[in-house]
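# What the coordinates show
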Amino acid sequence: MSVQSPALEYPIEIEQAVAVFRKRPALFQEALQRMLREDDEFRWAFVVDLYLDEQISLAKAAEILELHSLQLQQRLIELGLPVYVGPPDIESAQAEAGL
């Protein structure tokens, strides 16, 4: 039988969370992975933000979101979000390819 912790009674400031993250990164990594698995809305927001910040490609974002790249591309267009197709320059292409 699992025991549920009561909800926090106060909001946690980002600085507090960062301080704990620095001390216990594995704890945060585990929590992040759990949220990505269990919370579709969080997963969408997190992955799309990574994509929009150009930290991951459209293909990687689609893979994480379990969508075909064309489905994700269409959804981004419908939401009025930019669609980045391919790396912007040769250096980025080589870096993405691991060359």
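Residues numbered from 1 in each chain as written. Predicted model: local features only at pLDDT ≥ 70, side-chain atom pairs only at ≥ 80, totals over all residues. Heavy atoms only, no water.

## Here's the deal with the packing of aromatic side chains
Using the following cut-off: Here a pair means two rings of Phe, Tyr or Trp (six-membered ring of Trp) with centres within 6.5 Å. Their orientation is stacked below 30 degrees between planes, edge-to-face above 60, and tilted elsewhere. Partly exposed residues are those whose accessible area sits between 20% and 50% of the maximum for their type, while under 20% is buried and over 50% is exposed, using a 1.4 Å probe and protein chains only. Each helix is a run of DSSP H or I of at least 4 residues and each strand a run of E of at least 2, with the numbering of both proceeding from the N terminus.
Evaluated as defined, the whole model comprises three aromatic pairs. Here the aromatic rings of F21 and F28 are separated by 5.7 Å at their centres, their planes lie at 80°, and the arrangement is edge-to-face. Note on F21: relative accessible area 42%, which makes it partly exposed. Between the aromatic rings of Y51 and Y84, the centroid separation amounts to 5.2 Å while the plane-to-plane angle is 45°, which identifies the pairing as tilted. With a gap of 33 residues between them, Y51 in helix α3 (residues 40-52) and Y84 in the loop between α5 (69-78) and α6 (90-97) connect regions that are remote in the sequence.

## As for the nonpolar core
Across soluble globular proteins, nonpolar side chains show a tendency to be buried alongside one another. The condition is simple: To form a nonpolar core, buried Ala, Val, Leu, Ile, Met, Phe, Trp, Tyr and Cys residues must be joined to one another through side-chain atoms within 4.5 Å. Any pair of residues with heavy atoms lying within 4.5 Å of one another is described as a contacting pair.
Grouped together as the largest cluster of nonpolar side chains are twelve residues: W44, V47, V48, L50, Y51, I56, L58, A61, A62, L65, L72 and L76. For this core, the secondary-structure elements that each account for two or more residues are α3, α4 (58-65) and α5. The element that contributes the greatest number of residues to this core is α3, accounting for five residues. When sequence neighbours within four positions are dropped, the list of residues in contact with L58 reads Y51, S69, L72, Q73, L76 and Y84.

## As for the environment of V83
Considering the arrangement of structural elements, one finds V83 in the loop between α5 and α6. A sequence separation of 32 residues divides V83 from Y51, and the C-alpha atoms of the two residues are 9.3 Å apart.

## Let's talk about the confidence of the model for the protein chain
Our working definition: One number per residue, pLDDT, summarises how confident the predictor is, and it ranges from 0 to 100.
Of all residues in the protein chain, 88% attain a pLDDT of 70 or more, and the chain-wide mean is 86. At the level of individual helices and strands, the protein chain shows its lowest average pLDDT in α6, which scores 77, and its highest in α3, which scores 96.

## Remarks on the side chain of R43
For clarity, the cut-off: We define a polar contact as two N or O atoms separated by no more than 3.5 Å, with the added condition that, inside protein, one atom must be a possible hydrogen donor and the other a possible acceptor, whereas residues neighbouring each other in sequence contribute only through side-chain atom pairs.
Along the chain, R43 turns up in helix α3. With a relative accessible area of 15%, R43 lands in the buried category. One polar contact links the side chain of R43 to the main-chain carbonyl oxygen of R37, over a distance of 3.3 Å. With residues up to four places along the chain from it excluded, the contact list for R43 reads L36, R37, E38, I64 and L65.

## As for unusual backbone geometry
The phi dihedral of E54 falls on the positive side, at around 60°, and the residue is not glycine. Looking at where E54 falls in the secondary structure, it is placed in the loop between α3 and α4. Phi at E66 is positive, roughly 60°, even though this residue is not glycine. Locating E66 in the fold gives a position in the loop between α4 and α5. Note on E66: relative accessible area 71%, which makes it exposed.

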